[in-house]
Structures are given as structure tokens and as C-alpha cells.
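Descriptive structure summary
What follows is the residue order along each chain.
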Amino acid sequence: MSSTPLSQRAVAARPAPYLDELNPAQREAAETLEGPVLMLAGAGTGKTKALTSRIVHLLATGTAKPNEILAVTFTNKAAREMKLRVGRTLGEAVEGMPWLGTFHAVCVKLLRRHAELADLKSNFTILDSDDQIRLMKQLLAAANVDEKRWPARMLAGIIDGWKNRAWTPEQVPPDEAKAFDRRGVEFYAAYQARLRDLNAVDFGDLLLHVIRIFRENEDVLAQYRRWFRYILVDEYQDTNVAQYLWLRLLAGGHRNICCVGDDDQSIYGWRGAEVGNILRFEQDFEGAKVVRLEQNYRSTGHILAAASGVIASNKGRLGKTLWTDGEDGEKVRLIGHWDGEEEARWIGEQVEDLQRGTRGLDPFGLDSMAILVRASHQMRAFEDRFLTIGLPYRVIGGPRFYERLEIRDAMAYFRLATSPDDDLAFERIVNTPKRGLGDKAVQTIQKTARSNGVSLHEGARLAVQGQLIRGKGAGELRVLVEAIDRWHGQVVAEADTHVELAEMILDESGYTGMWQADKTPEAPGRLENLKELVKALENFDNLQGFLEHVALIMDNESEDSEEKVTIMTLHAAKGLEFPVVFLPGWEDGLFPSQRSMDESGLKGLEEERRLAYVGITRAERLCTISFAGNRRVYGQWQSQLPSRFIDELPEAHVEVLTPPGLYGGGYGAAGMSASASPILQGLAASSVQERASRADVYNSPGWKRLQSRSGQRGMAQPQEARGITIDLEASSSFSTGDRVFHQKFGYGEVMALEGDKLVIEFDKAGTKNVVARFVVQAGQADDVPF
DNA sequence: TACTACGGTATTTTT
DNA sequence: TACCGTAGTA
């Protein structure tokens, strides 16, 4: 019933308005239903539209029924969005698609059905990373491992990495197995054993268990291959090895798989994503049809060209040429600042200007503006600044609702009420609020539980009965144990509504009281969150349903209506778009991040570059890149070089802005002068910058790199470079031992010379790296150039 | 058992 | 610099 000709006849016969809205490439992607398809969808090219149209097409032509389509995404948000749009296009006529969801949500469903094949009970609990680390801490403590040298976090990271690559403990290759003091695999195995005992899985296991079930049970796999006749995968460039294997298993029969992605937007390599998956698609699925979506509907011509220019430096791309038939718009704006605070101040002003509608542009609402940073610590400068000028902002990211301490505590209580044997939950809250049960008491409970082969909850009961725990704690523990029994009874009996029950639990446990009694400033907020949690319960039929939901849905869309500027990381911005985008902190070491280059070399640099590409392509109409010459890094002032990505911006699409103010406005300090970029040279030619510019030695990229490295390590400054410094700054050549004065740091002594930077031990401010230009010989303070 | 002081460390984080 | 986590102490 699903032969190709038939389904296509059906299309021809029926009016299909959703297809008319597509451009030729999108349409091809939506209509090629049989066989493997790779949809290479550049930023802003209508990927979701094509994808949802494809689903609609499958349904509308009768090619597939809703339950025959497996559609996987990475985020709940993406899944929601897709569901919504399918429903809307179809006119809500179709019942929901049961297999449209995140990889994890789909796996949970599968695993619940076949839990016994993975040695689990179908009511297994799903641990989040917090539980995971807690568990590992226990394992490490039991093995007498020094937590200082070998932290549980590290182990968790290593094991996660292995799971991302679909390695069971036995499959970890020997050289990898040496990780974690040569005991990584040992702890991995122990951890898995512990999870089995707890009837629990972590996120990685959701995939791995299902893969194992498929591999070991041909009949099960065959059943799902028959079942899922059409497979769609969103953000394919972000899949890890485990997800890839999972997909290959399921698509293995019919090969009706359509993967959508953009290799240029692969920014989660550090989390196990394998760009190789998308790059290899055509080999993996022979005869695959590759469709490129290249018409961009989001950004203006200049923005698109700037982004394309940057990403062009990456090797091994599948290659796309984004184009638009829209207007060129404003050029991407580039500006350097004296330091990070100055940058924040300037951006704050820009936001206000744009809001008022200066610059000959229509006013932009605050909602349409975003500041995208590389690392979350950069947010602080903006928050500080916006707070002082009273500019409303919203920070995306940070601790999510369900990750908050009080929410997790409350959830642990709920978990105990539904399943009293949940040891991790029990452990979490035995002494929260304080019940006088310390380490020793908990150990006694654990020992009792273990020797009797029961849960901690039962162990606690036995310990109380056997008077193994004495004093104040004993009474409190008895109360807790009995309370858990009672709550559980209520859950089973369904005596009260779950919302009332939840309130009762939080009340009787003393948890609410604990925060009410707390007079620290954050207590009211926490109570507020608890209220919100209870409110969220109303959307579910019972506690179990809620807990199940929460285990996989850790997102937190707080809908507030007030107009605000958005501040978030580049990673968090993927998939979003804003009319106005600010990209601050484009400085070598910060962006691209030194760490990612150190850890992953060229691969890391290329991922950073993709991040730059993602950043620029978020902008619809106005994109402003900025950098600061000086930045405080961990309390130390450091002079910064403009990002190498700035050199890669195509000149024709960039407008270099001159910072306001003569001297104080800053001119990008060291980096500006050292840059080989024509863009920055153009800038350097303007009045103030002239003084900062250097002879050609400084203008070679090689020197720039050298300089940025030597800056950290105290490499001696070459003789000729010093000569140049003297020429340009007649009054200020330095040698070690000189007494100098700096506007910000006061008096100090020159300890070393590094390129155009000096290492100075200031009398008050400590040792700093500062640019020679901003320092004068002591006693010449009157000549300070600012 | 609970508080304080110190030291080590410091990206990005869909589930 | 600022936080978190651990260890030491009351």
C-alpha cells in the first residue's frame, strides 16, 4: 500500500497546499519519501518547515499512519514545535504522533516495554547527572579513592563519554581504559552493577539498553523495523555514536530514513556529538539522496556573507552556499573596546538607542535583541551594567528549574511517596530538613539495609526498631519512616488528589517549614519555586505521571511577558533568531576558547569557528561583533588580542566602528595594532589608532600567534621589536627594574618584557600583564597619555 | 552534628 | 576575583 508510484499519484490527485509553500529544495526533501535522504539545511533555510511538511506529506498521502513514523529530536522544545506544526498544517485532524519525541523519550518508551530484556523492572527510575554523581561518590568512597585527586565528576564525565560511544565496560579499548587512575573501567562496571541493583538507568543507558535489546533480540528489532516504516532525525550533526547505532539498527531494513542537519552548526562535539555521522551519511546509506537547503530566509545579505566568510576557513565541510534574495541590509558592525566593562557599557547604550529607534532604523523592541556570549561568566558584566542603567534583561541558561536544590529535594519526597524503595531519594532527604541524622546514622541505616537485603527505607525502620540509632535522631527517623508509609498509602489509595498530597508531603516533612524558617535572602525565592512546582502538578493526573515527565523534561520555559533583552550563551542560541544580535568578547583565548584549542587542537578550533557561524547567523538585521583589549580573567587583568575569527570576516561586509571618546574609548589596545586583518588595519589608520599601530613584524599572523603564546609564558621580547617600540613611543621604552606608573594600578616595577606587554609588579595591585602603552616611567606621571 | 575557613579551580550542557 | 567543596574545629 505504500509503493512509491501510488503515494505520488495520491499527491498529484490531491490539493496539497503545504507543498506549494515550499521552495524547490524544501519540496524535494518533503516529497522524496522512500530511501535514505540527507537534508543539509543551512541556518535559517526553513528546515523545520521542510521536516514538518515531510511528515504531513507522509500522512496526507496515506503513505504512513501516525504511529508508523519515528521522528527524533534532541530537545523537548524541538519535539513540541514539530508536533505543533504538524498538527497545524494538518488542521489538527490527526491524533498525536506517539513516536515523535526526543531520543531519550522514545528510548524510555521502548525500554519500559522491554525492561526485562535489559535486566530491569519496567518501573525503573531515570537518574539525572546529579544522582549519577552522588552515586559515584559513594562508589569512590567505598573504594577509598582520594576524592581530591580523582573527583566523582571526572569519573562521571569519562563514563558518559564511553556511553556516548556505546562502549560497555568490556568494550572500552585498552588505552582508554587507563583513564581515571587506571581504574576507570572497574568503576564503570561497578557503577552499572549498582544501577541494576537500584533498578535505575542514567541518560546514556536509555540508548545503550535499547541498542543491546535490539542486538540480542532479533525478533524485537524486526518488530520495530516493521513498525517504524519511516524515520526522521532532526539535528543529525549532533548525534553521538550510540544514537547513530540506534538509528542504523532501526533503519537497517527499509532504509527509509531522513536525516536533517547542518555540519556547519555542529557545536556539541565536546559532548560526544560526531560530525562524522553527517559527513559519512552517503557512505552509510548508499544511494542516499542529498538535498541542500541553501536559500536563507532569516538574515540580510551582509550578515549571511560575513557568516559564510568565517565558516569558509573550516576544512572537511559538506559545503553549502547560503543565499538570500532579500536586501543586503546593514553591514556587520565591528568595534573594539578598552575593556570588558566598556564593552558592556557601549552595548547597553546601543540597546537603548535601538530601542528608541535612532540610527535611521525603526525602533526595535527589547525582545528582538540578544547578546550572545561564549562563556557564561561574560554575562556578569552585562548584568551589572544593565542593572545599573535599569535595562530589563533576561538570562537564558543557568540552573534550570528542575535542577534547583529545593525542587530536587521536593521531588525526592514525591519519589519516596510513589516508590518508598527509592534509595537515592531517601538518602537525599533523610536529613533535609535537619533531623539530627549525620553521617554515622546514615551509615547505620545503610548497613542495616544491606545486611537485611532491603531498601534504605526498610533499613531505617529496622534500625529504629532495633535501637541501632539513638537519641534525637531516632525519634525523628521513626517519624520519617512512618510518614513515608503513610504518603505511599495515600498514593496507592488515591485518597486525595495528587496536588493536595504533594502539599501535604512538603508540609508534613517539614520541608516547607525549613525554608520558611530560613532567613537568607534566597529563601523566599525557593518557597516561590516550590509553589510553582505544586502548580505544575496540576497538569498531570497523578504523581507518577509527573515524575516520569520530569525525569526527561528538564527544560524551563518561564513565560514572562515583559520586554527584555536576552543574554545567553552561543550554545543556547542555536536554533533561535533575533533581529538584533550582539556578539561580544571576540578575543583569542576567550573566543576561540583557549581550552577547546588546547584540548582538541584543530578540531576544537573548527568547532569554535562553527560557534562563530552559529552566532552570526542568529541575526536577522543587525549583527555587532565586539572585543575588548583588556579583560579581567579570574581577577587578573589580561590584555587580549582580537579573535582570529575577526581576521576571517570578509571586509566588504563589515563596517568598523570607532569607539566613542578619544582615549578612554579604547582602541582595542594591543591586538588592534598587532592584527594582520585589513579590517583592523583600516581601523588602525584612523587618528588614535595610528599611535597604536606597529611596524610590519607585528602585522604578520605568525607574530600575532607567537605573541599571544609568549604573553603567557614570559618569552623575551626580540631586540628589533623593542627598537620599534622606542621609535613609536619615544617617551616610553622600558627595561626590567624600571619604576612605572599605570592609571589603574598605580606604581610598580617592571619585572619582564613580553612583546608589547610588560609584566609589572604593582605596589598595590599585584603582578599584572599590561600593555606598554598604558604605562609611563614613574616620575613622568604628568605625561600619562590619558 | 554544624559551622567556618581555607584552598583549589575556573567553557560550552539538548536529555 | 568568586565560588564550591572539603576538612578541621567547636
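Residues numbered from 1 in each chain as written. Chains lettered and ligands numbered in written order. Predicted model: local features only at pLDDT ≥ 70, side-chain atom pairs only at ≥ 80, totals over all residues. Heavy atoms only, no water.

**Side note on the overall build of chain A**
Helix and strand counts for chain A stand at 36 helices and 21 strands. The buried share among the 786 residues of chain A stands at 54%. Nonlocal contacts in chain A, meaning residues at least 24 apart in sequence, comprise 74% of its contacts between residues at least 6 apart. Surface exposure of chain A reaches about 34,200 Å², of which carbon and sulfur atoms provide 49%. (Helix = DSSP H or I, 4+ residues; strand = E, 2+ residues; numbered from the N terminus. Buried < 20%, exposed > 50% of the residue type's maximum accessible area, 1.4 Å probe, protein only. Contact = heavy atoms within 4.5 Å. Areas by Shrake-Rupley, 256 points an atom, 1.4 Å probe, with all protein chains shown as cover.)

**Brief notes about the protein's contact with DNA strand B**
Around DNA strand B sit 29 residues, and of these R271, R374, S376, R400 and G438 come closest. Here a base oxygen of DNA strand B and a side-chain polar atom of R374 are 2.3 Å apart. Secondary-structure elements contributing two or more residues to the surface near DNA strand B are α21 (439-452) and α29 (594-617). Sort the elements by how many residues they give to the surface near DNA strand B and α29 lands first, with 4 residues. A class-by-class count of the residues in the surface near DNA strand B yields 8 nonpolar, 11 polar and 10 charged. (Near = heavy atom within 4 Å. Polar contact = N/O pair within 3.5 Å; in protein donor to acceptor, adjacent residues only side chain to side chain. Nonpolar A, V, L, I, M, F, W, Y, C, P; charged D, E, K, R; others polar.)

**Let's talk about a negative patch on the surface**
A cluster of like negative charges, contributed by D496, E500, E503, D507 and E538, occupies part of the molecular surface. Along the chain, E538 turns up in the loop between α26 (523-537) and α27 (543-552). (Patch = residues over 30% accessible without salt bridge, like charges linked within 9 Å, V, L, I, M, F, W, Y side chains within 5 Å. Salt bridge = Lys/Arg side-chain N within 4 Å of Asp/Glu carboxyl O. Lys, Arg positive; Asp, Glu negative; His and termini not counted. Charge placed at Lys NZ, Arg CZ, Asp CG, Glu CD.)

**Some thoughts on the pairing of strand β7 (residues 257-261)**
In terms of burial, β7 is largely enclosed, as 5 of its 5 residues are buried. Bridging between strand β1 (residues 37-41) and β7 involves 4 bridges; their strand directions are parallel. Residue pairing across strands places L40 opposite G261, the latter belonging to β7. Of the strand pairs in this sheet, strand β6 (residues 230-233) and β7 are connected by 3 bridges, and their pairing is parallel. Bridge pairing in β7 places V233 opposite C259. In the classification by handedness, the crossover that spans β6, the intervening helix α13 (residues 241-251) and the parallel β7 is right-handed. (Pairing = 2+ DSSP bridges. Right-handed = clockwise from strand over helix to strand, strands pointing away.)

**As for the sheet that holds β1**
An order of β3-β2-β6-β7-β1-β8 is seen for the 6 strands of this open sheet, with the pairing classed as parallel. Here the strands that pair on one side only, and so sit at the sheet edges, are β3 (100-102) and β8 (289-293). Strand-to-strand twist across the sheet, computed as the mean angle between neighbouring axes with direction ignored, equals 15 degrees. Looking at chain direction, strand β2 (residues 69-73) and β3 are connected through 3 bridges and run parallel. (Axes fitted to C-alpha atoms, helices over the stretch in contact; angles between N-to-C directions.)

**Comments concerning helix α12 (residues 218-227)**
Those residues of α12 that fall on the buried side of the exposure criterion are V220, L221 and Y224. Taken around the axis of α12, the buried residues stretch over an arc of 95 degrees, which confines them to a single face. Across α12 from its buried face, at more than 90 degrees, point the exposed residues E218, D219 and R226. (Arc of directions from axis to C-beta.)

**Some remarks on the pattern of salt bridges**
By the definition in use, this model includes 50 salt bridges. Through salt bridges with shared partners, a single network forms among D128, D130, D131, R134, R408, D409, R415, D422 and R428.

**With respect to the environment of F74**
Structurally, F74 can be placed in the loop between β2 and α5 (76-90). C-alpha separation for the pair F74 and S313, spaced 239 residues apart in sequence, amounts to 28 Å. Residues in contact with F74, not counting those within four places in the same chain, are T102, F103, D234, E235, D238, T239 and Q243.

**Examining the packing of helix α11 (residues 203-216) against α13**
In the contact formed by α11 and α13, the axes pass within 10 Å of each other and the chain directions differ by 35 degrees. Between α11 and α13 the crossing geometry is left-handed. Here L207, L208, V210, I211, F214 and R215 of α11 lie close against α13, whose contacting residues are A242, Q243, L245, W246, L249 and L250. Its residues assigned to classes, the contact of α11 with α13 shows 10 nonpolar, 1 polar and 1 charged. (Left-handed = near helix turned anticlockwise from the far one by under 90°.)

**Some remarks on unusual backbone geometry**
Among all residues except glycine, the phi angle is most often negative; among peptide bonds, the trans geometry is most common. The omega torsion across T432 and P433 is 0 degrees, close enough to zero to call that bond cis. Within the secondary structure layout, P433 lies in the loop between α20 (423-429) and α21. Even without a glycine there, the phi angle at N144 is positive, about 60 degrees. Mapped onto the elements, N144 comes out in the loop between α7 (129-142) and α8 (152-164).

**Some thoughts on the confidence of the model for chain A**
In the predicted model, chain A carries a mean pLDDT of 83, and 82% of its residues have values of at least 70. For chain A, the element scoring lowest by mean pLDDT is helix α36 (residues 719-728), at 25; strand β13 (residues 578-583) scores highest, at 98. Here residues 1-13 is modelled with pLDDT under 50, and outside its nearest four sequence neighbours on either side it reaches 17 contacts, counting other chains as well. Within the model, pLDDT remains below 50 along residues 779-786, and this stretch shows 14 contacts once partners closer than five positions in the same chain are excluded. (pLDDT = per-residue confidence, 0-100.)

**Here's the deal with the side chain of S596**
Among the structural elements, S596 can be located in helix α29. Judged by relative accessible area, S596 falls into the buried class, the value being 16%. If we skip the residues at most four places from it in the chain, S596 touches G601, G604 and E608.

**With respect to the side chain of H498**
Relative to the elements of secondary structure, H498 occurs in helix α24 (residues 498-508). Look at H498 and you get buried, because its relative accessible area is 14%. A polar atom in the side chain of H498 sits 3.2 Å from the backbone oxygen of D541.

**Examining the packing of aromatic side chains**
As enumerated under the stated definition, the model contains 25 aromatic pairs in all. Ring centres 5.8 Å apart and planes at 35 degrees place the aromatic pair W162 and Y188 in the tilted group. On the criterion of sequence distance, the pair formed by W162 in helix α8 and Y188 in helix α10 (residues 184-198) is long-range, its members being 26 residues apart. By the burial criterion, W162 is buried, and Y188 matches it. (Phe/Tyr/Trp six-rings, centres within 6.5 Å; stacked < 30°, edge-to-face > 60°.)

**Topic: the nonpolar core**
Residues F214 and W246 are the most contacted members of the largest nonpolar core, which totals 74 residues. Three or more residues apiece are contributed to this core by two domains, here domain 1 (6-109 + 210-295) and domain 2 (127-198). Setting aside chain neighbours within four positions, we find F214 in contact with L110, V220, L221, Y224, W246, L249 and L250. A417, L506, L530 and L537 belong to the second-largest nonpolar core, a separate cluster that totals 49 residues. (Core = buried A, V, L, I, M, F, W, Y, C linked by side-chain atoms within 4.5 Å. Domains from an automatic or database assignment.)

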